[in-house]
Amino acid sequence: MVRTVEAVRAERAELPAPVGLVPTMGALHEGHLSLLRRARGECRSLIASLFVNPAQFGPGEDFASYPRDEERDARLFAETGVDLLFAPGIEEIYPPGHATTVTVGGAEERPEGLSRPGHFTGVATVVTALLSIVAPDRAYLGEKDAQQLAVVSRLVRDLALPVEVVACPTVRDPDGLALSSRNVYLSREERRQALSLSAGLRAAAAAFAAGVRDAGELRRIVSGCVSSQPLAVLDYVSLADGEMREEIEGEVQGEAVLSVAARVGGTRLIDNVRLRP
Ligand code: AMP
């Protein structure tokens, strides 16, 4: 494990190409491991980063209490075949006087951005820094965080960063719950009610497969499912184009992303499904 920009650059220079990077905030679960295994299978060298990025948490969000277990994570990274683990301290990424941020136009106006002001600027800034420091050939990101994936893909294209973004499918528990580091916060009953997010998305995807194309109706299937749970407070249901740039009104024409956010008990959860005609 290395903690400094200087050390990771020196070790990365010795690794054979292609080099894959899996950025994480730790508290590893099978979702993270699926990204690591995919990258391990496709790249000659595998680098993972472990950094709980303060800039992507808003005031009142769970930065201080975010689950952290570096020892367990380091063991899992090693077992999955990570060649180099970069676990920087905060001051390595944000040195004194740090004053530069990266904002992807429009991201803060989309539903997840509106709910979490500053979040995607925090994400884009740290991802740009990590890509600059590690200089991977490929970066592996999960579809679980659909708008994050869209934002990073946009930023890589707009700044012509020499990296390929590889999107990896969402890993779920057998009952449908999308794996998330935040699931550890859920009580038994909250977890049961949290299934309404994936169940709602599944029901809407089934309706879409059966020919329903009305955006409002598809959104209502998801919101109805989540709102029927007393412990769940719906934040938004969004049906956007494939790049998540704009909300779809009326008929769904091409590929679309249906996403949902809700608070279950004290825990904010997100999930999404891609609809392909
Ligand atoms: P995080 O540690 O939450 O920042 O996530 C690190 C990476 O793992 C991101 O690219 C996430 O999209 C991805 N990820 C998180 N949960 C899942 C999941 N259930 N399935 C697939 N990828 C995931």
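From a predicted model like this one, the values you see are computed outputs, not experimental measurements.

**Considerations on the sheet that holds strand β3 (residues 84-86)**
The strand order across the open sheet formed by 5 strands is β3-β2-β1-β4-β5, and the pairing between neighbours is parallel. Each of the sheet's edge strands pairs with one partner strand only, and the pair in question is β3 and β5 (164-168). Taken over all neighbouring pairs, the strand axes of this sheet differ in orientation by 25° on average, direction set aside. For strand β4 (residues 138-142) and β5, the ladder comprises 5 bridges, and the chain directions are parallel. Paired with Arg-138 across the strands is Glu-164, a residue of β5. On top of the sheet, helix α3 (residues 70-79) reaches β1 (19-24), β2 (45-50) and β3; it is set at about 170° to β2, its chief contact.

**Quick look at the packing of helix α1 (residues 5-12) against helix α6 (residues 119-134)**
The N-to-C vectors of α1 and α6 enclose an angle of 50°; their axes lie 9 Å apart at closest approach. Comparing their axes, α6 and α1 come out oblique. Of the residues in α6, those touching α1 at Val-5, Val-8, Arg-9 and Arg-12 are Ser-132, Ile-133 and Val-134. Considering only residue class, the contact of α1 with α6 consists of 4 nonpolar, 1 polar and 2 charged.

**Some points on the site of the ligand**
As a structural note, the neighbourhood of the ligand is formed by 17 residues, with Met-25, His-32, Asp-145, Val-171 and Leu-179 the closest of them. His-32 places a side-chain nitrogen or oxygen 2.8 Å from an oxygen atom of the ligand. A distance of 2.7 Å separates an oxygen atom of the ligand from a polar atom in the side chain of Asp-145. For the ligand, whose free accessible area comes to 490 Å², the fraction covered by protein is 92%. Listing elements by their share of the shell around the ligand, those giving two or more residues are β1, α2 (30-42) and β4. Looking at the shell around the ligand element by element, the count peaks at 3 residues for α2. Of the residues in the shell around the ligand, the class split is 8 nonpolar, 7 polar and 2 charged.

**So, helix α9 (residues 215-227)**
The end-to-end C-alpha distance of α9 is 18 Å, a good match for the 18 Å that 13 residues give at a rise of 1.5 Å each. Every buried residue belonging to α9 is among Ala-215, Leu-218, Arg-219, Val-222, Ser-223 and Val-226, and all of these are buried. Taken down its axis, α9 places every buried residue within 130° of arc, on the same side. At its buried positions, α9 is contacted by α8 (188-209), β6 (232-241), β7 (256-264) and β8 (267-275).

**Examining the layout of surface pockets**
To locate leftover empty space, one rolls a probe as large as a water molecule over the atoms. Considering only enclosed or pocket space, the second largest pocket measures out at about 450 Å³ in volume. The wall of the second largest pocket is formed by 27 residues, among which Ala-146, Leu-149, Ala-150, Gly-242 and Arg-274 lie closest to the centre. For the lining of the second largest pocket, the secondary-structure elements that each account for two or more residues are α7 (146-158) and β8. Its residues assigned to classes, the lining of the second largest pocket comprises 11 nonpolar, 7 polar and 9 charged.

**Here's the deal with the pattern of salt bridges**
Working definition: two side chains of opposite charge can pair if their charged atoms are close together. Scanning all chains against the criterion turns up 22 salt bridges. Where Arg-3 meets Glu-70, a salt bridge forms, and the shortest distance between an N and an O atom there is 2.6 Å. In this pair, Arg-3 is assigned in the segment before α1 and Glu-70 in helix α3, connecting sequence segments 67 residues apart. What emerges from the salt-bridge pattern is a single network uniting Arg-110, Arg-219, Glu-247 and Glu-249.

Here is what the cut-offs are and how they apply
Residues numbered from 1 in each chain as written. Predicted model: local features only at pLDDT ≥ 70, side-chain atom pairs only at ≥ 80, totals over all residues. Heavy atoms only, no water. Pairing = 2+ DSSP bridges. Helix = DSSP H or I, 4+ residues; strand = E, 2+ residues; numbered from the N terminus. Axes fitted to C-alpha atoms, helices over the stretch in contact; angles between N-to-C directions. Contact = heavy atoms within 4.5 Å. Parallel < 35°, antiparallel > 145°, perpendicular 65-115°, else oblique. Nonpolar A, V, L, I, M, F, W, Y, C, P; charged D, E, K, R; others polar. Near = heavy atom within 4 Å. Polar contact = N/O pair within 3.5 Å; in protein donor to acceptor, adjacent residues only side chain to side chain. Areas by Shrake-Rupley, 256 points an atom, 1.4 Å probe, with all protein chains shown as cover. Expected span 1.5 Å × (residues − 1). Buried < 20%, exposed > 50% of the residue type's maximum accessible area, 1.4 Å probe, protein only. Arc of directions from axis to C-beta. 1 Å grid on protein atoms, 1.4 Å probe; cavity = no way out; pocket = protein on both sides within 12 Å on 5 of 7 lines; lining within 4 Å. Points joined across faces, edges and corners; volume = space filled by probe spheres on them. Salt bridge = Lys/Arg side-chain N within 4 Å of Asp/Glu carboxyl O.

On their own, these measurements won't tell you what the molecule is for.
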